[in-house]
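# Architecture and fold: a report
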Amino acid sequence: MEPQLPGSIGTSTSLAIRLGQALFSVASLLFMCVGVQFYAYTSFCFLVTIKGLTIPWSLTLAMVDAYSVFVKRPSRQLQIVSIIVMGDWILSFLSLAAACSTASVSDFMVTEAGTSFCGGKMCNRYRLSAAMACLSWSLSLASALFNLWLLPSLYSNY
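Values in this document were obtained by computation on a predicted structure and should not be read as measured data.

Criteria and cut-off values
Residues numbered from 1 in each chain as written. Predicted model: local features only at pLDDT ≥ 70, side-chain atom pairs only at ≥ 80, totals over all residues. Heavy atoms only, no water. pLDDT = per-residue confidence, 0-100. Helix = DSSP H or I, 4+ residues; strand = E, 2+ residues; numbered from the N terminus. Patch = residues over 30% accessible without salt bridge, like charges linked within 9 Å, V, L, I, M, F, W, Y side chains within 5 Å. Areas by Shrake-Rupley, 256 points an atom, 1.4 Å probe, with all protein chains shown as cover. Salt bridge = Lys/Arg side-chain N within 4 Å of Asp/Glu carboxyl O. Buried < 20%, exposed > 50% of the residue type's maximum accessible area, 1.4 Å probe, protein only.

## Points about the confidence of the model for the protein chain
- Residues at a pLDDT of 70 or more form 92% of the protein chain, whose mean pLDDT is 87.
- Considering each helix and strand of the protein chain separately, the mean pLDDT is smallest for helix α4 (residues 120–157), with a value of 88, and largest for helix α1 (residues 12–33), with 94.

Written out as structure tokens, the structure is:
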């Protein structure tokens, strides 16, 4: 019998986490890109790039989770779960870096630079984008931890 860890790949909890990641990443991307000239700042470009990678990763794994939930047979092969764990950890660290850099630059723009860099509405959008990126990162970290927790049990079955 394969272990059934809630939140690991192929469960309904994992499906909810992946959809949450994608939702918060899309929200972060929309707050950053729509009507705002983000490309003038490197940290904002970094956030857009990382969220552009996170969205397809999360949606692809959400489709795998949805298939596993509806078929009621999670595919837990050691090599596949190992790749998912590595991808989750890499994207989790990159998402944290992007969210923190965006938050620090937007905070600097508001507190230190004043209105010379951005108006109140634009700075608030930068801050909302950073907040959505932090929420996306927290779900990404949860997914990475759940799948990492599953990995040793798959090695013992191998």
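Structure shown, so let's carry the discussion forward.
## A few points about a nonpolar patch on the surface
- A contiguous nonpolar surface patch, about 230 Å² in accessible area, is contributed by V26, L30 and V34.
- Along the chain, V34 turns up in the loop between α1 and α2 (42–71).

## Let's talk about the pattern of salt bridges
- Following the criterion strictly, the structure yields two salt bridges and no others.
- The salt bridge involving D88 is made with R18; its shortest N-O contact spans 2.8 Å. Highlighted residues: D88 in helix α3 (residues 78–111) and R18 in helix α1, separated in sequence by 70 residues.
- A residue is classified by how much of its surface remains accessible, and D88, at 1% relative accessible area, is buried.
- A relative accessible area of 0% places R18 in the buried class.
- A salt bridge links D107 to R127; the nearest nitrogen and oxygen atoms lie 3.5 Å apart. Here D107, found in helix α3, pairs with R127, found in helix α4; they are 20 residues apart in sequence, far enough to count as distant.

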